[in-house]
Structures are given as C-alpha cells and as structure tokens.
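The lines below spell out each chain.
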Amino acid sequence: MEIKERLYSAFEIIQPEKIKKIEYEGPFLCIYTDEISYITGESGIIPKLAKALKKKVIIRPVPEIRIEKEKAIEIMKKIIPENAGVDYNEIYFDERKGEVHLYAGEPAFVRGRGDSTLWELISAIRWRVIIHRKPAIESNIIKTVDLLERNNAESKNEFLSYVGMRINREKIKDIENIRITALGAANEVGRSSFLVSTDQGDILLDAGLKPGPKLMHEEYPALHFIEDLDRIECIVLTHAHFDHCAALPYLFKYGYRGPVYMTEATKYLMTLIISDYLNVRQKSGLPLPYSYADLTSLLAHTVVLDYGEVADIAPDAKLTLYNAGHILGSAIAHLHFGEGYYNLVYTGDFKYDFRERNRLLDPAFNNFKRNDTIIMEGTYGGNEDIMPSRAEAVNSLIGIIKNTLENNGKVLMPMLAVGRAQEILLVLYDAFENGQLPKVPVFVEGMIHETSAIHTKFVDELSLEVRRKLLEGNPFTSRYFELIKDTSVREEILEAGPCIIIATSGMLTGGPILEYFRLLAEDEKNSLIFTSYQSQGTLGRKVRDGEKEVVVPTEKGEAIVKVNMKIFSAEGFSGHSDRNQLMEYIRRLPNRPRNILLVHGEPTKLTALQQAIRNELHIATYIPDIGETMRFR
Ligand SMILES: [Zn+2]
C-alpha cells in the first residue's frame, strides 16, 4: 500500500484538517500540525500512526502556533525543575523543524513522572522538545560534532528530504534474489565490508581499514567490486571501531553522497577514531588517504537511528539496529527485503555474555522474529577459544597488577580507546575502592578521556549494574585516574615508582603507548597486559606471540627494542563472543537461520566454528572469500 493510501486509513487516528504539511525526513515521515495534543504525544497518537503507516512518524508544530523564543525560555525556566540541570545558555532553536534542543544533566527531571513535565512544557511553549544528556566530562568531539550539525542544519534538512524521496520512489520490480559479496573481513580480521545487492540497488555494510599492513590492497576493502557508487542506496555502520568505519570518508572522497545509518553514540565515536587516525598520520608525516573535509562530508550524510527503530532505507528494504553488546553504540543490523521476502542479519562484532550482568553493556540482542541468513563474526570461534568468566578475568588481572607493583614494576596496558578502556577503568576503580589493589597512580593517555566523556553522554545505553554504580559517583572522573595531556611529564612518570599506565592504541600500532613500551620493555620487573584482540601483522601481535626483539616506530624513525618485560593477555575482557557464546547465540535464536556466513576471523578459527555449527545445529554454513558473491533465494 502506498503511503498516501495508508495516510487515508490513518485518518481515523489523525484528523485530516489538522494536518498542515507532510514531508519525508530521511527514513521517517513528518507531519506538521497546529493540534498541540498531537505534538505532546499525550494522545498516544505517535505509536498509533507509526503502526498504521509502518513508519516512524515525527509530529512538528507549524510556525504560527510556536511561542516566541525569549518567552519560551522564560516558561522553560518556570516549568523545568532546577535539579534537571538545564544549561539555558546552550538552548538551541531549530526554526525550520520547530524543535528546541535542551541540554540537561538529568534528562529524567525534564520529562517528569510519566512524561508529565514534558507534556506541560510542550503545551506551554508549543515547540517540539528534544532533550540531550550533558556529558559529565567535557568533550571536544561532542562539541565539534554538535556545532557542525547546527551550522549545517539547512543542508542536512535538504539532504534528508532528498533521501526520503529516493527511499519512497516507485520500485522497479519485485526482488528476485539477494546477493552478498565480501569486500573485507573474509577469512581475516580487519577491513570489514559487505555489499548486499538486489535488482533495486546495493547496500554497503561497514567499510573499515585493516590495521597493520602497509600495502593498500591489503589495507582497504576490495571496493573495486562495487560496480557503481550511485547504485548504493545506503551504507550501514555497525560500530565505531577502526576496522569497521575508517574507509567511510574514502568513499566520500570518491563521490558517494548517500546516507550512512548508525546509532548516535557511534556518530561521535566514529568522528573521534577517524580524526585521531588523520592526526596521527599527519604528525608522523604520512600521506592522508582522505581529508578532514571528507570526514565532514561523512558526518553531513549521517542518519542516526535508535535501537529497535524500523527505518525504510530503499523502496523494498527496511533496516533495524539492535544492541550488539560489543562497544558503546555498537549494533547488529537487521535487513528486511520485500514484504517478508527475505531477512538478513549482520552481527558486526558482538558480545553475547548472557550470564554476566557486571559488564559495561548488556549482551547482544538475538530475539529476531525472522532471519533467513546471518552474517556472523567468528573472531574467537576456534575450538580452544573459551574465555574465562568476567569474574575470573578480573581476579587474574588484579593478581598480575598486584604482583608487578609489589616487585616495584610498572604495569603497561595498551588500550583500545573505545569500550575496553572504560571496562578496565571500572575494574580498577572497584579494586581501589575495596582495597584489592594498593592505591598507586594510574596514568591515562590518549583518546580514552574523550571516549569516557562520550560514555557519560550515553549512560542510558550502559548496563543497569554500571548505571547503578554511576549513581554513587563517576568512576571515569575519579581521582584515582590521572589524565596525561602534556607529554613532557612522561619522563617523570617513568622515573617514579610503581604505577599503572593505560594508553592507546590497543594493538601497539601507534599513539602514546609506543613511547611507553619502548622505555619500559627492557626492564623485566615491568608487565604489559593486553586486554583486546591483536590483529595479525601488528606489533601487538608480535609481542603477544613472544618475539623478544621488535622494531618500534619512534618520532625520529625506528628503534630496536628488547622485550624483557612480562607479557600477559587478559582475554576475558574481550568485546567479542568466545566460542561458547557464539554457539549459544545461534542456539538461542527463536528461529533457525537457513544459512550462516562466517566472517571476521582467522581461517582456522572460522573453519572450526563452521564444523561445530554444521555438526551440532545442521545449518548450511559458509566462509566467503574476498570478492566472492553468494546468491540467496
Ligand atoms: Zn569492533
């Protein structure tokens, strides 16, 4: 049924004379009205309309009924309680959309009990109210991205209405089959990218770079398999890790101008990761594969989706993102083609720790009503890849740290800036609080402070256990952690006594960790603890595999470093599912998929996992190669 017909059927829900204007806004439908009860949502009309129209509906006030801005601010000050912590200097009115953006320390107090305060507010000011949580830590990235977004609001609106028109164009014909081509992360970890094609057009899932290799054809996804950039309806980004997002600006450099769907947290984290990558390269005098302007262009084409929100992305395709439990903002993408014709689930990277409640994030979603084919990661799919429980991992980590400190050594922890760092900060915080560790200084350097700040903006997406902890105090801003902004203090740190140093990057591929590693590696009293996956070809992998002499890049060139320090891997903190969790994830799906495509893993691991799935669950399981296309239906 066309949208117009559906709207007629919706006239039982909404009175036609109250509709002043209808327009598409990307995947969503916008209705402008002068009926205030529609805008507050008090009448329950929004979910009813969404159901009737099979689309998310946004209801906006027409300009005529909106209260003048200064007056509106006065009213807000009266209605919103002080404990909401609204910053009235930061209020922003989007006149085109009839939206007012509020930044609150405690958004719940702006909404009030059962949204009553919010309804009262909207009825009084007659603007749609968007409430943002103010991060508990200042963040440059959040500020930069938000400012950019405000300054480009006009062109973003035009872009969204163009996208809306394109999505809602007449379809040429019914979909006859679905083709999936692996452009990266095929029999390897890194450069994740998959092309999903129908007769209608293409959808690109992720576009990352591979950390480690120097050769471009090994570092970039096999983008030459994309016949025509204009055939790409949209790109879906599952999460902000380098190996999933870092090739996106490259596509904009070569002319892609369509939407890129992701969660809001991913938008900020992605900007951080990519701009850091450009900064590091620039500082090292390396050529930039794309410019900062290409990153800005990517941001201008970003369309944010909430978990569970169904979005039309093409005439015959819908996308829904679900929590992947991997890092903040990470998503599993569910694609629905035709009216029930085909359902594809792409897990991206995911953690399915269904027994654990102490983690930063809830376990990955898997309650899919329909799933014909699953593209699943198998990073830890090997027969021996059974990880300790989180509690065991915490105990052994604390044991290693304690031993090292007692022997007058320093602990060095290379850290992925996103996800693992915050998990480890929580663990250390608890260990200091309950006396399991002596209170030594913890020096934190690199992007970790920014990512912590972004976590404090999205606390509602963290697990219940962690949110409870955050109520007692903020571990991320705790006095135990000393933030290093000035590199000149590094020498003092290294000359001082036992301490813990946490720095990026996680695989020793760049960042401040390299300098610390070079200076600490030769002393056998020190320890290095990995808490994340080490890709083949990276320095981290070489060190983890026991190489005793390695080449470390320095500002001036290279240094040969003897590795005498003790090397540990604390795998239990991984954001990836281990073998048991991967199997359990499939076992617990409400419906068995017809096919599974295993990706994002080394060949031996994927083959082992394939065997296990075939033997136990009897599901057709494939391991695609780079450039290989699989056709379904
Ligand atoms: Zn990842």
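This structure is a prediction, so every number in the text was calculated from the model and none was measured.

## Some thoughts on the overall build of the chain
If you tally the helices and strands in the chain, you get 22 helices and 28 strands. Against the globule reference of 26 Å for 633 residues, the chain gives a C-alpha radius of gyration of 25 Å, in line with a compact fold. With respect to the principal axes defined by its C-alpha atoms, the chain has extents near 80 × 60 × 45 Å. Classification of the 633 residues of the chain by burial places 47% in the buried group. In the chain, the proportion of contacts linking residues at least 24 apart, taken out of those at least 6 apart, comes to 76%.

## Quick look at the pairing of strand 2 (residues 28–33)
Pairing analysis gives six bridges linking strand 1 (residues 19–25) to strand 2, with the strands arranged antiparallel. Residue pairing across strands places Glu 25 opposite Phe 28, the latter belonging to strand 2. Linking two consecutive strands that pair antiparallel, namely strand 1 and strand 2, is a turn of two residues; a positive phi of about 60° is found at Gly 26 within it. By the bridge criterion, five bridges tie strand 2 to strand 3 (residues 57–61) in an arrangement that is parallel. In the sheet register, Cys 30 faces strand 3, and the bridge partner there is Ile 58.

## A closer look at the domain arrangement of the chain
With domains assigned, the chain is organised as domain 1 (3–64), domain 2 (70–134), domain 3 (176–383 + 576–632) and domain 4 (390–573). The centre of domain 1, based on its C-alpha atoms, is set 22 Å off from the matching centre of domain 2. Opposite the seven residues of domain 1 that make contact, domain 2 presents eight residues. Of all elements in the fold, only helix 2 (36–40) and strand 3 reach the threshold of two or more residues within the side of domain 1 that touches domain 2. Ranked by the residues each element gives to the side of domain 1 that touches domain 2, the list is headed by helix 2, at three residues. Considering only residue class, the side of domain 1 that touches domain 2 consists of four nonpolar, one polar and two charged.

## Some thoughts on the environment of Gly 255
Mapped onto the fold, Gly 255 is located in the loop between helix 11 (248–253) and strand 11 (260–262). Judged by the 8 C-beta atoms lying within 10 Å of it, Gly 255 falls in the exposed class. Separated by 211 residues in sequence, Gly 255 and Gly 44 place their C-alpha atoms 42 Å apart.

## Describing the sheet that holds strand 28 (residues 629–632)
As summarised here, the arrangement of the seven strands in space is 12-11-10-9-8-7-28, forming an open sheet in which the pairing is mixed. The open sheet terminates on both sides in strands that have one partner only, identified here as strand 12 (302–304) and strand 28. Averaged over all neighbouring strand pairs, the angle between strand axes comes to 25°, with direction disregarded. The sheet contact formed by strand 7 (residues 178–184) and strand 8 (residues 193–197) spans five bridges and is antiparallel. Counterpart to Ile 180 in the pairing with strand 8 is Val 196.

## Regarding the sheet that holds strand 4 (residues 92–94)
Read from one edge to the other, the open sheet built from three strands follows the order 4-5-6, with strand pairing classed as mixed. At either margin of the open sheet sits one strand with a lone partner, and together these are strand 4 and strand 6 (128–133). Here the average twist between neighbouring strands, direction ignored, is 25°. Judged from the six bridges that link them, strand 5 (residues 99–104) and strand 6 form a sheet pairing that is parallel. If you follow Tyr 103 over to strand 6, its bridge partner there is His 132.

## So, the nonpolar core
The biggest cluster of nonpolar side chains holds 142 residues, and the ones touching the most others in it are Tyr 261, Leu 269, Ile 273, Ile 332 and Ile 502. Ranked by residue count, the leading element in this core is helix 12 (residues 264–283), at eight residues. Two domains share this core, each providing at least three of its residues, namely domain 3 (176–383 + 576–632) and domain 4 (390–573). Leu 49, Ala 104, Leu 118 and Ile 131 belong to the second-largest nonpolar core, a separate cluster that totals 29 residues.

## Considering the environment of Ile 80
You can see Ile 80 is positioned in the loop between helix 4 (69–79) and strand 4. Overall, the presence of 24 C-beta atoms within 10 Å leaves Ile 80 in the buried class. For Ile 80 and Glu 120, which are 40 residues apart along the polypeptide, the C-alpha to C-alpha distance reads 9.6 Å. Sequence-distant contacts of Ile 80, defined by excluding residues within four places in its chain, comprise Val 86, Val 110, Thr 117 and Leu 121.

## A closer look at helix 16 (residues 448–457)
Along an α-helix, residues three or four apart share an orientation, since each turn contains 3.6 residues. Counting buried residues in helix 16 gives ten out of ten residues, a clear majority hidden from the surface. Buried within helix 16 are the following residues: Ile 448, His 449, Glu 450, Thr 451, Ser 452, Ala 453, Ile 454, His 455, Thr 456 and Lys 457.

## Some details on the pairing of strand 23 (residues 549–553)
Across five bridges, strand 23 lies against strand 24 (residues 558–562) in antiparallel orientation. By the bridge assignment for strand 24, Val 551 is matched with Ile 560. Counted between consecutive antiparallel strands, the loop separating strand 23 from strand 24 contains four residues.

## Digging into the environment of Ile 175
With respect to the helices and strands, the residue Ile 175 is situated in the loop between helix 8 (153–167) and strand 7. Those residues in contact with Ile 175 that lie beyond four places of it in its chain are Thr 198, Asp 199, Gln 200, Asp 316, Phe 337, Gly 338 and Tyr 341.

## So, the packing of helix 21 (residues 579–587) against helix 22 (residues 603–617)
In contact at an axis separation of 11 Å, helix 21 and helix 22 are set at 40° when each is read in the N-to-C sense. With respect to their mutual orientation, helix 21 and helix 22 come out oblique. The handedness of the crossing between helix 21 and helix 22 is right-handed. Only Leu 609, Ala 612, Ile 613 and Leu 617 of helix 22 make contact with helix 21, whose side of the interface consists of Arg 579, Leu 582, Met 583 and Ile 586. Residue classes in the contact of helix 21 with helix 22 are distributed as seven nonpolar, no polar and one charged.

## Structural notes on the packing of helix 7 (residues 140–151) against helix 12
Interhelical geometry of helix 7 versus helix 12 gives an angle of 110° and a closest axis separation of 10 Å. In terms of orientation, helix 7 lies roughly perpendicular with respect to helix 12. When helix 7 is examined against helix 12, the residues Ile 141, Ile 142 and Val 145 are found in contact with a partner set consisting of Lys 267, Tyr 268, Thr 271 and Leu 272. Residue composition of the contact of helix 7 with helix 12, by class: five nonpolar, one polar and one charged.

About the thresholds
Residues numbered from 1 in each chain as written. Predicted model: local features only at pLDDT ≥ 70, side-chain atom pairs only at ≥ 80, totals over all residues. Helix = DSSP H or I, 4+ residues; strand = E, 2+ residues; numbered from the N terminus. Rg over C-alpha atoms; globule rule 2.2 N^0.38 Å. Buried ≥ 20, exposed ≤ 12 C-beta atoms within 10 Å, placed from the backbone. Contact = placed C-beta atoms within 7 Å. Pairing = 2+ DSSP bridges. Domains from an automatic or database assignment. Nonpolar A, V, L, I, M, F, W, Y, C, P; charged D, E, K, R; others polar. Axes fitted to C-alpha atoms, helices over the stretch in contact; angles between N-to-C directions. Core = buried A, V, L, I, M, F, W, Y, C linked by C-beta atoms within 7 Å. Parallel < 35°, antiparallel > 145°, perpendicular 65-115°, else oblique. Left-handed = near helix turned anticlockwise from the far one by under 90°.

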